[in-house]
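Below are the chains, spelled out letter by letter.
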Amino acid sequence: MSPAPFGTLAPFGVRLRQALDARGQLCVGIDPHASLLNAWGLGDDLAGLERFSLTVVEALAGEVAVLKPQAAFFERFGSKGVAVLERTVSEARSAGALVLMDAKRGDIDSTMAAYAETFLAIDSPLFSDALTVSPYLGFGSLQPAVDLARASGCGLFVLALTSNPQGHEVQRAVGADGESVAQSILHKLAAENGGAEPLGSFGAVVGATLQEAGVDLAINGPLLAPGVGAQGATAADLPRVFGDSVRNVVPSVSRDVLKHGPSVAALRAASARFVEEIGAVLAK
């Protein structure tokens, strides 16, 4: 599956559903942090960053549905690191993967619009199929990103119930109406996805490590599920956490695939094992 030319993209939800059905429900992170670079025998420098990232693209962009570069690990090298990120995104999309930029941007007014233009404008060097965003300046603050994503055929993944243990302080907080912050976000996403088929383009980030979601996840959109692998969650946990929405889950794995590099064959084998394990659970 090769990417459509700029300006002719189908909605992200349509493209994501096609990719998941064709390649299996898996997102692999591209997280070139120092410990992984060292484990690969690479330096924690620009050359190591480039070798690591392009090897992951070579191994997986033609195999998995979604690749998720973590912007921070590129930005720490300055403008030259961002140039590597631009090449990583471009080559991954050219090889057929959907690219989810993990940047967790969130701001207000013109600043949020600038963040959106950086990753969701079709003529941007960092143009990605989707972007992670933070709603904690108010869901309405994301409107510039929602509008541009809709216009560009892109998607958003909004932080709702994250896998880090500190997240509950805000996300489980209950308002005067008795609704948790997370549930309020999910309801707003459901409204953005209203009537979309086969899947809306506005998703939520919900950790696979949760003992139980405790919220209504029926948002008619994708659910990015970090925490599978090194953080302790397994494929078997997905039905318990996500219930009837499990078919729309995009499990995200990073270290438990990336640790098998720099071998291209080993990276492919590791990702294929996760696809198989997840597929076997979801087929039940």
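Bear in mind the structure is a predicted one, so any value in this text is a computation, not a measurement. (Residues numbered from 1 in each chain as written. Predicted model: local features only at pLDDT ≥ 70, side-chain atom pairs only at ≥ 80, totals over all residues. Heavy atoms only, no water.)

Chemist: When you look at the overall build of the protein chain in this model, what are you seeing that I'm missing?
Modeler: The helix and strand inventory of the protein chain stands at twelve helices and eight strands. At 18 Å, the protein chain has a C-alpha radius of gyration in line with the 19 Å of a compact globule built from 284 residues. Once the C-alpha set of the protein chain is aligned to its principal axes, its extents read approximately 55 × 45 × 35 Å. Per-residue burial for the protein chain yields a buried fraction of 53% across its 284 residues. Sequence separation of at least 24 residues holds for 72% of the intrachain contacts in the protein chain that already meet a minimum separation of 6. Counting 21 positive and 29 negative side-chain charges, the protein chain places the centres of these two groups 6 Å from one another. (Helix = DSSP H or I, 4+ residues; strand = E, 2+ residues; numbered from the N terminus. Rg over C-alpha atoms; globule rule 2.2 N^0.38 Å. Buried < 20%, exposed > 50% of the residue type's maximum accessible area, 1.4 Å probe, protein only. Contact = heavy atoms within 4.5 Å. Lys, Arg positive; Asp, Glu negative; His and termini not counted. Charge placed at Lys NZ, Arg CZ, Asp CG, Glu CD.)

Chemist: Looking at this model, I keep getting lost on the layout of surface pockets. Mind explaining?
Modeler: A water-sized probe rolled over the atoms picks out the places where empty space is left. A volume near 440 Å³ is recorded for the largest pocket. Mapped by element, the contributors of at least two residues to the lining of the largest pocket are β3 (98-105), β7 (223-226) and β8 (249-253). Split into classes, the residues belonging to the lining of the largest pocket amount to nine nonpolar, ten polar and five charged. (1 Å grid on protein atoms, 1.4 Å probe; cavity = no way out; pocket = protein on both sides within 12 Å on 5 of 7 lines; lining within 4 Å. Points joined across faces, edges and corners; volume = space filled by probe spheres on them. Nonpolar A, V, L, I, M, F, W, Y, C, P; charged D, E, K, R; others polar.)

Chemist: Hey, could you run me through the packing of helix α6 (residues 109-120) against helix α7 (residues 143-152) in this one?
Modeler: Between two packed helices, what matters for the description is the angle formed by their axes and the separation of those axes. The geometry of α6 relative to α7 is characterised by a closest axis approach of 8 Å and an angle of 30 degrees between their N-to-C directions. As far as their axial angle goes, α7 and α6 are roughly parallel. The interaxial crossing formed by α6 with α7 has right-handed handedness. In this structure, α6 contributes Asp-109, Met-112, Ala-113, Ala-116, Glu-117 and Leu-120 to the contact, and α7 contributes Pro-144, Ala-145, Leu-148, Ala-149 and Ser-152. (Axes fitted to C-alpha atoms, helices over the stretch in contact; angles between N-to-C directions. Parallel < 35°, antiparallel > 145°, perpendicular 65-115°, else oblique. Left-handed = near helix turned anticlockwise from the far one by under 90°.)

Chemist: Got a minute to help me understand the pairing of β8 in this structure?
Modeler: The side chains of a regular strand alternate, first on one face of the sheet and then on the other. With five of five residues buried, β8 is to be regarded as a mostly interior element. In β8, alternate side chains face the same way, and those of Val-249, Pro-251 and Val-253 on one face and Val-250 and Ser-252 on the other are all buried. The pairing of strand β1 (residues 27-30) with β8 spans two bridges and is classified as parallel. Looking at the pairing, Val-28 lines up with Val-253 of β8. Two strands pair when backbone bridges link them, and β7 and β8 are joined in this way by four bridges, in the parallel orientation. Residue pairing for β8: Leu-223 is matched across the bridge by Val-249. (Pairing = 2+ DSSP bridges.)

Chemist: When you look at the sheet that holds β1 in this model, what are you seeing that I'm missing?
Modeler: The pairing of strands in a sheet comes from backbone hydrogen bonds and takes either a parallel or an antiparallel form. Pairing in this closed barrel of eight strands is parallel, and the strands run β1-β2-β3-β4-β5-β6-β7-β8 around the ring. Each neighbouring strand pair of the sheet contributes to a mean axis angle of 30 degrees, computed without reference to strand direction. By the bridge criterion, two bridges tie strand β2 (residues 66-69) to β3 in an arrangement that is parallel. Bridging across to β3, Leu-67 finds its partner in Val-99. Relative to the sheet, helix α5 (residues 79-94) contacts β1, β2 and β3, its axis offset from that of β3 by approximately 145 degrees.

Chemist: Help me understand the nonpolar core, please; the structure alone is not making it clear to me.
Modeler: In globular proteins that are soluble, nonpolar side chains generally tend to be buried together. If you look at the biggest cluster of nonpolar residues, it comprises 76 residues, and the most contacted ones within it are Phe-52, Leu-60, Leu-67, Met-101, Leu-156, Val-206 and Phe-242. Element by element, the count of residues in this core is highest for helix α3 (residues 46-60), at six residues. Here Leu-67 is in contact with Val-28, Ile-30, Leu-60, Ala-61, Ala-92, Ala-97, Leu-98, Val-99 and Leu-100, once residues within four sequence places are set aside. The next biggest cluster of nonpolar side chains, apart from the first, holds 16 residues, and it includes Leu-16, Ala-130, Val-205 and Leu-224. (Core = buried A, V, L, I, M, F, W, Y, C linked by side-chain atoms within 4.5 Å.)

Chemist: Would you take a moment to explain α5 for this structure?
Modeler: Working note: α-helix, 3.6 residues per turn, so residues spaced by three or four point in the same direction. Look at α5: 23 Å from first C-alpha to last across 16 residues, which is about the 22 Å you get at 1.5 Å a residue. Regarding α5, the residues found buried are Gly-81, Val-84, Leu-85, Thr-88, Val-89, Ala-92 and Arg-93. Relative to the axis of α5, the buried residues are bounded by an arc of 160 degrees and lie together on one face. Projecting away from the buried face of α5 at angles above 90 degrees are the exposed residues Ser-79, Lys-80 and Ser-94. (Expected span 1.5 Å × (residues − 1). Arc of directions from axis to C-beta.)

Chemist: Explain the confidence of the model for the protein chain to me, please; I cannot follow it from the model alone.
Modeler: Low pLDDT means the predicted atomic positions in that stretch should not be read closely. Of the residues in the protein chain, 97% have a pLDDT of 70 or more, and the chain-wide mean is 94. Contacts of residues 1-6 to residues separated by more than four positions or lying in other chains number 13 contacts, the stretch itself having pLDDT below 50. (pLDDT = per-residue confidence, 0-100.)

Chemist: Would you explain the packing of α3 against helix α12 (residues 264-282) in this entry?
Modeler: Running from N to C, α3 and α12 cross one another at 60 degrees; their axes reach a closest spacing of 9 Å. For the element pair α3 / α12, the angle class is oblique. Crossing of α3 over α12 shows right-handed handedness. Between α3 and α12, the residues in contact are Thr-55, Glu-58, Ala-59 and Leu-60 and Val-264, Leu-267, Arg-268 and Ser-271, respectively. Classifying every residue of the contact of α3 with α12 by side-chain character gives four nonpolar, two polar and two charged.

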